[in-house]
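Understanding the architecture of this molecule
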Amino acid sequence: MSVAMDTESTYSGYSHYSGHSKKAHRQGRDRHKSPRSKDGSRSEKSVTIQTPPAEPLLGNDASRAEEGQDDNWGETTTAITGTSEHSISQEDIARISKDLEDSVGLDCKRYLGLTVAAVLGLLVFLTPIAFILLPQILWRDDLEPCGTVCEGLFISVAFKLLILLIGTWALFFRQPKADLPRVFVFRALLLVLIFLFVFSYWLFYGVRILDSKDTNYQGIVQYAVSLVDALLFIHYLAIVLLELRQLQPMFTVKVVRSTDGESRYYSLGHLSIQRAALVVLENYYRDFTVYNPALLTASKSRAAKHMAGLKVYNVDGPGNNASGQSRAMIAAAARRRDSSHNELYYEEADHERRVKKRRARLVVAVEEAFTHIKRLQAEEQQKAPGEMMDPREAAQAIFPSMARALQKYLRTTRQQQYHSMESILQHLSFCITNNMTPKAFLERYLNPGPTLQYDRDRWFSKQWTLVSEEAVTSGLQDGIVFVLKCLDFSLVVNVKKIPFIKLSEEFIDPKSHKFVLRLQSETSV
């Protein structure tokens, strides 16, 4: 026997649960609770971790629990039933702790790669300089004099190294956007190529110049110039492989969110699976609306209610076979629930009616508040400069007039967890500062925006898991499906190749459009 423990979180402002509906649910459950449920040794334990509530907006709503249920109770309260969207087990907690430990290893791997790249880059830039300076240090007296051509090569080496330094900084030394599960193949190949190239140059320099102590200093400088030229060509190759190769669209990917089915289409070039997943996540935060688990609660609670109402009793005892009677009772119960589509229709119609009414009240309240701002601005112009009100104070002055209508609308549309009082005041002061209209202020709340529009702590997932049957370092192919998972939902990505398009040309003779208009000379009288 399991005992469900409900924790009611009440705070001033945006409250996630209705006090009235939860108290009624608790009273009805306590009346039917068996005395054996108090025995903790027989009960199964479940751990529920919930995210902390948002910053309060208005006063405490706990006093509403004592009020009677009126005709408009559904418009002023929000009841959430069913299972929690943030419920995890002990195994999940252990897995999360393991992921935190693994993240330390990921940081070490990232810094190790950066260290290797930095050391190799330093070696590349110091090698041409060392080729020129070592003969001057070791056998300066035996060198042939450096003429005008040799001194001109010094200037060539200096400017080429400067160009290579700027290009390397722009291409490689950029802040990483993500930690990928595997190495970037092309970048690793370029690093190996540069290492082998520099090592071969040092080997030739040591055998043919250092050992023999070559006295032709101009030839040594030309050897260093050839090294710099080759490094510039490798840099051009890196630009082609890392940047230009992926620009031409070759694949179309469909991204579907598993919870609500919202989907988007994107065009990608030649990318590996892990880099394509990174592009998908960047576009997800920009294009997809914010994930709101509260919108899925109504359908889940409705399905749970229908399943809970299906009860089968075995009146003949456990020893008798009553399977036929049970099947008959199940069929009868299913026939009685054939009208569930009517309930869904009327629930959605009633919800749309409430949303439209709350929306109209909110629009009127905001327009009146902005009208009050204009009156305040007219009054402030008559005051001294030291007594003028800043946008923050003006927002705090007009916010109470629209706070109740905004709170009720956000509760009805289940957006209250994404908008705190501080964020609303900041947005209101921003609109006042830039002289924006009430419609511009309401755009954020009337139309759910992309994920990046909201507070980072409320939507950002620090850990994504890439699930793919193919190796994540392999390139995209037609028909590949991979999944990006986080704690609450997953993104299913289906890859399709853009078909080959063949265009043909058809020539139209310009004379084919000419015609002759003949008019009869006879006219009717």
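This one's a predicted model, so the numbers in the text were calculated from it and none came from an experiment. (Residues numbered from 1 in each chain as written. Predicted model: local features only at pLDDT ≥ 70, side-chain atom pairs only at ≥ 80, totals over all residues. Heavy atoms only, no water.)

1. Observations regarding the packing of helix 5 (residues 185-210) against helix 6 (residues 217-244)
Between two packed helices, what matters for the description is the angle formed by their axes and the separation of those axes. Orientation of helix 5 relative to helix 6, taken along the N-to-C sense of each, is 170°, at an axis distance of 11 Å. Classified by the angle between their axes, helix 5 and helix 6 sit roughly antiparallel to one another. From helix 5, Phe186, Arg187, Leu190, Leu193, Ile194, Phe197, Tyr201, Phe204, Tyr205 and Ile209 reach across to helix 6, where they touch Ile220, Tyr223, Ser226, Leu227, Ala230, Leu231, Ile234, Leu237, Ala238, Leu241 and Leu242. Residues of the contact of helix 5 with helix 6, tallied by class, amount to 19 nonpolar, one polar and one charged. (Axes fitted to C-alpha atoms, helices over the stretch in contact; angles between N-to-C directions. Helix = DSSP H or I, 4+ residues; strand = E, 2+ residues; numbered from the N terminus. Parallel < 35°, antiparallel > 145°, perpendicular 65-115°, else oblique. Contact = heavy atoms within 4.5 Å. Nonpolar A, V, L, I, M, F, W, Y, C, P; charged D, E, K, R; others polar.)

2. Structural notes on helix 12 (residues 421-433)
The terminal C-alpha atoms of helix 12, which comprises 13 residues, lie 18 Å apart, in line with the 18 Å expected from a rise of 1.5 Å per residue. The set of residues buried in helix 12 consists of Ile424, Leu425, His427, Leu428, Ser429, Cys431 and Ile432. Taken from the residues just after helix 12, Asn435 is the one with a positive phi, measuring 55°. (Expected span 1.5 Å × (residues − 1). Buried < 20%, exposed > 50% of the residue type's maximum accessible area, 1.4 Å probe, protein only.)

3. Here we look at the pairing of strand 2 (residues 263-268)
Pairing geometry for strand 1 (residues 251-257) and strand 2, over six bridges, is antiparallel. Its bridge partner being in strand 2, Val256 is matched across the sheet by Ser263. Taking the residues that link successive antiparallel strands as the turn, the strand 1-strand 2 hairpin has five residues, and the phi of Gly261 there is positive, at about 80°. (Pairing = 2+ DSSP bridges.)

4. Thoughts on the packing of helix 12 against helix 13 (residues 438-446)
Two numbers describe how helix 12 lies on helix 13: the axes approach to 9 Å, and their chain directions differ by 150°. Overall, the two elements helix 12 and helix 13 adopt an arrangement that is roughly antiparallel. Here the hand of the crossing between helix 12 and helix 13 comes out right-handed. Along the contact surface, helix 12 presents Ile424, His427, Leu428 and Cys431, while helix 13 presents Ala440, Phe441, Arg444 and Tyr445. Partitioning the contact of helix 12 with helix 13 into residue classes produces six nonpolar, one polar and one charged. (Left-handed = near helix turned anticlockwise from the far one by under 90°.)

5. Digging into the pattern of salt bridges
If you walk through the whole model with that rule in mind, you get nine salt bridges. The salt bridge partner of Asp229 is Lys160, with a shortest N-O separation of 2.5 Å. Residue Asp229 is found in helix 6, and its partner Lys160 is found in helix 4 (residues 148-171); the two are separated by 69 residues along the sequence. Judged by relative accessible area, which is 26%, Asp229 ranks as partly exposed. Residues Arg392 and Glu422 are paired through a salt bridge, measuring 3.1 Å at the closest nitrogen-oxygen approach. You can see Arg392 sitting in helix 11 (residues 391-412) and its partner Glu422 sitting in helix 12, a full 30 residues away along the chain. Accessibility expressed as a relative area gives 27% for Glu422, which makes it partly exposed. Linked through salt bridges whose partners overlap, the residues forming this network are Arg257, Asp260, Glu262 and Arg264. (Salt bridge = Lys/Arg side-chain N within 4 Å of Asp/Glu carboxyl O.)

6. Details of the nonpolar core
In terms of nonpolar packing, the biggest core is built from 30 residues, with Phe131 and Phe197 touching the most fellow members. Mapped onto this core, the elements with two or more residues apiece are helix 3 (90-138), helix 4, helix 5 and helix 6. Ranked by the residues each element gives to this core, the list is headed by helix 6, at twelve residues. If you look at the next biggest cluster of nonpolar residues, it comprises 27 residues, including Ala365, Ala369, Ile373 and Leu428. (Core = buried A, V, L, I, M, F, W, Y, C linked by side-chain atoms within 4.5 Å.)

7. A look at the confidence of the model for the protein
Low-pLDDT portions of the prediction should not be read for the details of their coordinates. Across the protein, the average pLDDT comes to 74, with 66% of residues at 70 or higher. Looking at the elements of the protein, mean pLDDT is at its lowest for helix 2 (residues 73-76), recorded as 40, and at its highest for strand 1, recorded as 95. In this model, residues 100-104 is a region of pLDDT below 50 whose contacts with residues beyond four sequence positions or in other chains number zero contacts. (pLDDT = per-residue confidence, 0-100.)

8. Comments concerning the environment of Glu262
Position of Glu262 relative to the elements: it lies in the loop between strand 1 and strand 2. When its relative accessible area of 14% is taken as the criterion, Glu262 is described as buried. Residues Glu262 and Tyr291, 29 residues apart in the sequence, show an inter-C-alpha distance of 9.9 Å. Residues contacting Glu262, with those up to four places away along its chain left out, are Val255, Val256, Arg257, Phe288 and Thr289. Among the polar contacts listed, one links the side chain of Glu262 to the side chain of Arg264, at a separation of 3.0 Å. (Polar contact = N/O pair within 3.5 Å; in protein donor to acceptor, adjacent residues only side chain to side chain.)

9. Points about the UniProt feature "transmembrane region" (unreviewed entry) in the protein
UniProt tags residues 111-133, 153-172, 184-204 and 224-244 as "transmembrane region" (unreviewed entry). End-to-end, the C-alpha atoms of residues 111-133 are 32 Å apart, and along that stretch the chain is 100% helix and 0% strand. (UniProt positions renumbered as here; feature names shortened; annotations may be inferred.)

10. A closer look at unusual backbone geometry
The residue Arg414 is not glycine, and still its phi comes out positive at about 60°. With respect to the helices and strands, Arg414 occurs in the loop between helix 11 and helix 12. The residue Asn435 is not glycine, and still its phi comes out positive at about 55°. Structurally, Asn435 can be placed in the loop between helix 12 and helix 13. Residue classification places Asn435 among the exposed residues on the basis of a relative accessible area of 65%.

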